[in-house]
Amino acid sequence: MNADAHVNLETLNHAALKQAMGCFATGVTVVSACFDGVDHAMTCNSFNTVSLDPPMVLWSIRKVSHSHHAFTEGGGYTVSILAETQRDLAMKFARGSLEERFAGVPTTRLSTGRLMLTGAVAWFDCAIEKVVEAGDHDVLIGRVLTFASNGQTPLGYLRGSLIDLVE
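For the structure given in this document, a descriptive report is provided here. (Residues numbered from 1 in each chain as written. Predicted model: local features only at pLDDT ≥ 70, side-chain atom pairs only at ≥ 80, totals over all residues. Heavy atoms only, no water.)

## Re the pattern of salt bridges
- A complete count under the given rule lists five salt bridges for this structure.
- With its nearest N and O atoms 2.7 Å apart, the salt bridge here joins Arg-109 to Asp-39. Residue Arg-109 is located in strand β7 (residues 107-109), and its partner Asp-39 is located in strand β3 (residues 38-44); the two are separated by 70 residues in the primary sequence.
- Between Glu-133 and Lys-63 there is a salt bridge; the shortest N-O distance is 3.4 Å. Placement of the pair is Glu-133 in strand β9 (residues 122-134) and Lys-63 in the loop between β5 (55-62) and α2 (68-73), with a sequence separation of 70 residues.
- Since its relative accessible area comes to 65%, Glu-133 is described here as exposed. (Salt bridge = Lys/Arg side-chain N within 4 Å of Asp/Glu carboxyl O. Helix = DSSP H or I, 4+ residues; strand = E, 2+ residues; numbered from the N terminus. Buried < 20%, exposed > 50% of the residue type's maximum accessible area, 1.4 Å probe, protein only.)

Below, the structure is given as structure tokens:
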């Protein structure tokens, strides 16, 4: 690495860094887990594919998240990729109590006991393969146990806003 190109991230303005990172468009998901008989879920845009053989995906969770323990110790998670028609669910699962998040939301309980959101573009039910510490987040790598997709158009996220990926 060129020494002139090295940047000390600790001296960077976090708001500017977040703004720069927001230039990368992502999809929008709701990740769910069931821990000690309680359903947990949150909006997430850090979802990504890791491997096709074996099938593995990842997402990251802030270490200070209220549901951190449920996701890291629950044995697995389900990722529901939201459809462009599910903007309201992206906002609903981003804040509020667990009861408020799930209120009135159609779900299907999978054989693993975890919930997937009805109407999602695709979903992946995963067993935790590895949790990797990474700064203020943990990266949850999961082995895909089962999945499905339906061909709908997914919802996107860019520069802090929900977007249509196909116009």
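Don't stop here, the text continues.
## Digging into unusual backbone geometry
- Going from Asp-53 to Pro-54, the amide bond is cis rather than trans, its omega being 0 degrees.
- Within the fold, Pro-54 resides in the loop between β4 (48-52) and β5.
- The phi dihedral of Asp-36 is positive, around 55 degrees, even though this residue is not glycine.
- As for its position among the elements, Asp-36 is in the loop between β2 (29-35) and β3.

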